[in-house]
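Coordinate inspection notes
So you can see what is in the structure, the chains are spelled out below.
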Amino acid sequence: MAYLEMNNITKIFPGVKALDSVNFELNLGEIHTLVGENGAGKSTLVKVLAGAYKRDAGDINIEGKKAKILTPKDAMKQKIFSVQQHYSLQPNMTVAENIKFGRYSSSAGLINWKGVLKDAEDFVNELGFGEIDVKKKVYELSVAEGQIVEIVKALYRKPKILIMDEPSAVLPKNDLEKLHSILQKIKKDIGIIYISHHFEEIFKISDRITVLKDGKNVDVVKPSEINEEDLCKMMVGRDIGDMYPSRDKDKSDETVLKVAGLTTRKIHNVNFELKKGEILGIAGLVGAGRTELCEALFGLDPLIGGSVNLKNKRVSNKTPRRSISNGFGFVTEDRHKTGLILPMAVKKNISLVGYKKISKLTFINGKKDRDAAQEYIDRLKIATPTMNQLAEYLSGGNQQKVVLSKWLFSGADVLLLDEPTRGIDVGTKAEIYKLMKELTGEGMSIIMVSSELPEILGMSDRILVMHKGKIAGELYPEETSEEEILAYAAGLKTKTIN
Amino acid sequence: MTEQENLVINKKNFALDFVSKYDKYLMLVAFVVISAVLSDKFFTTQNLTNLLKQNAALGIVALGELLVILTGGIDLSVGAIASFSGILVASFLKTGMPWPVAAILAIGFATLAGLFNGLMVTVGKITPFIVTLASMTMFQGIGLLISKGRQVFFKNPDFLLIGREYFLGIPLVAWIWVAMSIIVAIFLGKTIMGRFIRGIGGNKEAVRLAGVSTILYESMSYTISGLLGGIAGVMMTSRLTLGTNVLGDGWELTAIASVMVGGGNFNGGIGTVGGTIVGVIILGLIGNIMNLLGVTIYWQQIIRGMIILLAVLSSSRKKLGSAA
């Protein structure tokens, strides 16, 4: 008998059956991966298990006995802890306080802060994350460091069941590898549920894989019994064919964008050119200045030096408004924080940037507004019951399509894409790649920042690798490899370009 | 496919959706029915007219409050702005100024007061709660300074007609409320400006990255709140026939409660004109029916507070259940 059995779990949200009689089991000592497209119900299932959502039907059994899990507290009593995609840390407390939160060592009712610090430090070192300073406040940490603290905090509570909801969406590659080896080390008497979109990772760490689609079970498989292609087919329910569209042979020689000596507080002397219809991939480690380069180009960070020329005309993008009217668009890396207005209709999000096209003297032309929304819902195949659905109720992939639609509707010569497929399932990814090719075919130029090397290699016409705010190398996808890109990203190799 | 399945489920939940979408309106109907059953004086022309007269000014203030709450802010100073505008119009009238000029001047100063709030929030980058708490005290102080702390009497029979006149059997002040509501509803629903104001509360950064000046639109919402507070103050002064510093006392809280009862949310981006009107009427009804039944003022306060909590509780539960 499995340690954990979830039987016929059903969860209904208004208008959507997120889980439809889903079964799932987990043994101690196993890493059980949950895979599926966005909206397949992976996160909902683990949230039911963690007591964050109340299920509408179904049972949860632990060691063969019915377990009452209706609130997060119930789940914690059963030693179920989860590491969420979104933060659960207190930003104004130190790392040590967060790790030990609610479990402070005390004497005579007073917290022994020295003990708290020491315990936390020992525990962090034991796990091999010695580089994390436990005295630092959480708001001072990078996203990746925050995610590590989140994991440490969960492990400190000695879980029986550990839920990891897409750590690969936020952790850089080297930390992810460290996490994998830790999970292998600790899994002896723990059952680990792991959600991931990355095939490499799924095949590397899983003992078993449960595939969900549209809130229903598809199958449970062992990684040794299946290959990537078949797993992908199971998730998507169809053959997606080639992930990356083929590269066009004949490229325009027309230079659209020329960046010279671009310098801000975060990036130094960045030079490059962008051709019409080109996809320029920007690779590098977290913190190398890739997002900051986009922000500098889009006028979110003041320039200290350098120039930007668009179609042989010098442009000064001091504010987003100026950048947009100069023909730039910026799909940011975090669609929830900076991309979408979540409590607003899909329709209104789509026309947010190109509002001038649907209005005259501030008055909205309802028909133009609806037509524009319908055009992009059809073109990008956005799955939404109506165009008036609030953006927050869409799945991640569809939300990203709304963000893209917004910038496509306003129209741009140069589109900056920062991690365009982060946290998005393979099917939608392939659609977005196809769209990017269509757009460049129509003459748009794209600068794409990505942490996924296969994406960089598969999509870019040319690759720039950044290291510590500078461009460390310029590479061509046909002639390079993941290893070479990493060597440039880590600063082991440099090649100056003009 | 997913889409089709979703649509099927949508149809099944249609009745449920209908209830949850129009819950405020159903609640209003329920209150009207209960009131009619409890007191036979409720459905008299005089009582209904009184109800409208008493709540029209507050209803206008609540519209301004809605705009501010939509941006994710709060305006605690609207009551003080209304009092201040009332004192101003009374003082101007006392000098013998023609009433339209006096009213426009008073409303103009109230608008400037709103602009002041807006600039402090946007350019000064101070939390709306603190800004309007401080400016509430300031505006009250200015009102007291002008009136020397006394009531301001004036003689202008034409001006008093605003509060007394009827049109098609309905008080003029109620017509003004209706007109303002329509204007604000059009502003929010049919203009880009209104969409940006709502968007700022939903996600300010996304609006900024869309090349929109958030400073402009956030300031605009406070300024309009000041303007509407000014109109309400002038209307109420006409009804009271004198200028008084206690005219708008507590209005800010009732206005905020009305927006919340009507489905608004302090997180911003959520709330409607229709809901806010319903909120004002429900809160007004409760007071009205309890007065008719002779419930003491102490119990009235307790019951009113409970109903505000219940209304907001029901809408926040709805939100929790749908967190996908």
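Residues numbered from 1 in each chain as written. Chains lettered and ligands numbered in written order. Predicted model: local features only at pLDDT ≥ 70, side-chain atom pairs only at ≥ 80, totals over all residues. Heavy atoms only, no water.

By the definition in use, this model includes 27 salt bridges over all chains. In this structure, Glu-333 of chain A and Arg-422 of chain A form a salt bridge, with 3.3 Å as the shortest nitrogen-oxygen distance. Pair noted here: Glu-333 of chain A is in the loop between β18 (328–331) and α11 (335–339) and Arg-422 of chain A is in the loop between β21 (414–418) and α15 (426–441), with a separation of 89 residues, a long-range link. Note on Glu-333 of chain A: relative accessible area 31%, which makes it partly exposed. For the salt bridge of Asp-369 of chain A with Arg-195 of chain B, the shortest nitrogen-to-oxygen distance reads 2.7 Å. With Asp-369 of chain A in helix α13 (residues 366–379) and Arg-195 of chain B in helix α10 (residues 192–202), this residue pair bridges two chains. Residue Asp-369 of chain A shares its accessibility class with Arg-195 of chain B, and that shared class is buried. (Salt bridge = Lys/Arg side-chain N within 4 Å of Asp/Glu carboxyl O. Helix = DSSP H or I, 4+ residues; strand = E, 2+ residues; numbered from the N terminus. Buried < 20%, exposed > 50% of the residue type's maximum accessible area, 1.4 Å probe, protein only.)

The next point concerns the nonpolar core. Residues and elements named next belong to chain A. Grouped together as the largest cluster of nonpolar side chains are 148 residues, with contacts concentrated most on Leu-257 and Phe-272. Not counting residues up to four positions away in its chain, the partners in contact with Leu-257 are Phe-272, Glu-273, Leu-274, Val-308, Asn-309, Leu-310, Phe-328, Val-414 and Ile-447. In terms of nonpolar packing, the next biggest core, distinct from the first, is built from 37 residues, Val-95, Ile-132, Val-138 and Leu-171 among them. (Core = buried A, V, L, I, M, F, W, Y, C linked by side-chain atoms within 4.5 Å. Contact = heavy atoms within 4.5 Å.)

Moving on, we get to the packing of aromatic side chains. In this structure the tally under the stated criterion is 13 aromatic pairs over all chains. Considering the side-chain rings of Phe-84 of chain B and Phe-139 of chain B, the 6.0 Å spacing of their centres and the 20° angle between planes classify their relative orientation as stacked. Of the two residues, Phe-84 of chain B is situated in helix α5 (residues 78–94) and Phe-139 of chain B in helix α7 (residues 128–147); the sequence distance between them amounts to 55 residues. Phe-139 of chain B carries the same exposure label as Phe-84 of chain B, and that label is buried. These aromatic residues form a ring-pair network of at least three members: Phe-298, Phe-330 and Trp-407 of chain A. (Phe/Tyr/Trp six-rings, centres within 6.5 Å; stacked < 30°, edge-to-face > 60°.)

Here we come to the sheet that holds β21 of chain A. All names here are of chain A. If you walk across this open sheet you meet the 6 strands as β18-β21-β22-β15-β23-β24, and the pairing is mixed. Here the strands that pair on one side only, and so sit at the sheet edges, are β18 and β24 (470–475). Direction aside, neighbouring strands of the sheet carry axes that sit 20° apart on average. Of the pairings in the sheet, the one linking β18 to β21 comprises 4 bridges and is parallel in character. When the bridges of β21 are listed, Phe-330 appears paired with Leu-416. Docked against the sheet, helix α9 (residues 290–297) engages β15 (279–284), β18, β21, β22 (445–449) and β23 (462–467), running at close to 135° with respect to β15. Against the sheet, helix α17 (residues 482–489) makes contact with β15, β23 and β24, and its axis sits at roughly 35° relative to β23, the strand it touches most. (Pairing = 2+ DSSP bridges. Axes fitted to C-alpha atoms, helices over the stretch in contact; angles between N-to-C directions.)

With that settled, consider the pairing of strand β13 (residues 255–263) of chain A. All names here are of chain A. Of the pairings in the sheet, the one linking β13 to strand β14 (residues 270–275) comprises 5 bridges and is antiparallel in character. Of the residues in β14, the one forming a bridge with Thr-255 is Lys-275. Following β13, the chain reverses through 6 residues before pairing antiparallel with β14; Asn-269 in that reversal takes a positive phi of roughly 45°. In this structure, β13 lies alongside strand β16 (residues 305–310), joined through 5 bridges in antiparallel fashion. By the bridge assignment for β16, Val-259 is matched with Val-308.

Okay, the sheet that holds strand β6 (residues 80–83) of chain A next. All names here are of chain A. Taking strand neighbours across the sheet as the criterion, the 6 strands line up as β6-β9-β10-β3-β11-β12 in an open arrangement whose pairing is mixed. One side of each edge strand has no neighbouring strand; the edge strands of this open sheet are β6 and β12 (216–221). Taken over all neighbouring pairs, the strand axes of this sheet differ in orientation by 20° on average, direction set aside. In the sheet, strand β9 (residues 161–165) pairs with strand β10 (residues 191–195) via 5 bridges, with the strands oriented parallel. Residue Leu-162 lies in a different strand from β10, and its bridge partner there is Ile-192. On top of the sheet, helix α5 (residues 143–156) reaches β6 and β9; it is set at about 175° to β6, its chief contact.

Let us now look at the pairing of β21 of chain A. All names here are of chain A. Within β21, 5 of the 5 residues are buried, leaving the element largely enclosed by the surrounding structure. Of the pairings in the sheet, the one linking β21 to β22 comprises 5 bridges and is parallel in character. Within the sheet, the bridge partner assigned to Leu-417 lies in β22 and is Met-448. Taken together, β21, α15 and β22 constitute a β-α-β crossover, and its handedness is right-handed. (Right-handed = clockwise from strand over helix to strand, strands pointing away.)

With that out of the way, let us pick up the packing of helix α9 (residues 172–190) of chain B against helix α14 (residues 273–293) of chain B. All names here are of chain B. Two elements in contact, α9 and α14, have axes whose closest approach is 9 Å; the angle formed by their N-to-C orientations is 150°. Looking at the two axes, α9 sits roughly antiparallel to α14. Contacts between α9 and α14 pair Trp-177, Ser-181, Val-184, Ala-185 and Leu-188 from the former with Val-273, Ile-277, Val-280 and Ile-281 from the latter. In terms of residue class, the contact of α9 with α14 is built from 8 nonpolar, 1 polar and no charged. (Parallel < 35°, antiparallel > 145°, perpendicular 65-115°, else oblique. Nonpolar A, V, L, I, M, F, W, Y, C, P; charged D, E, K, R; others polar.)

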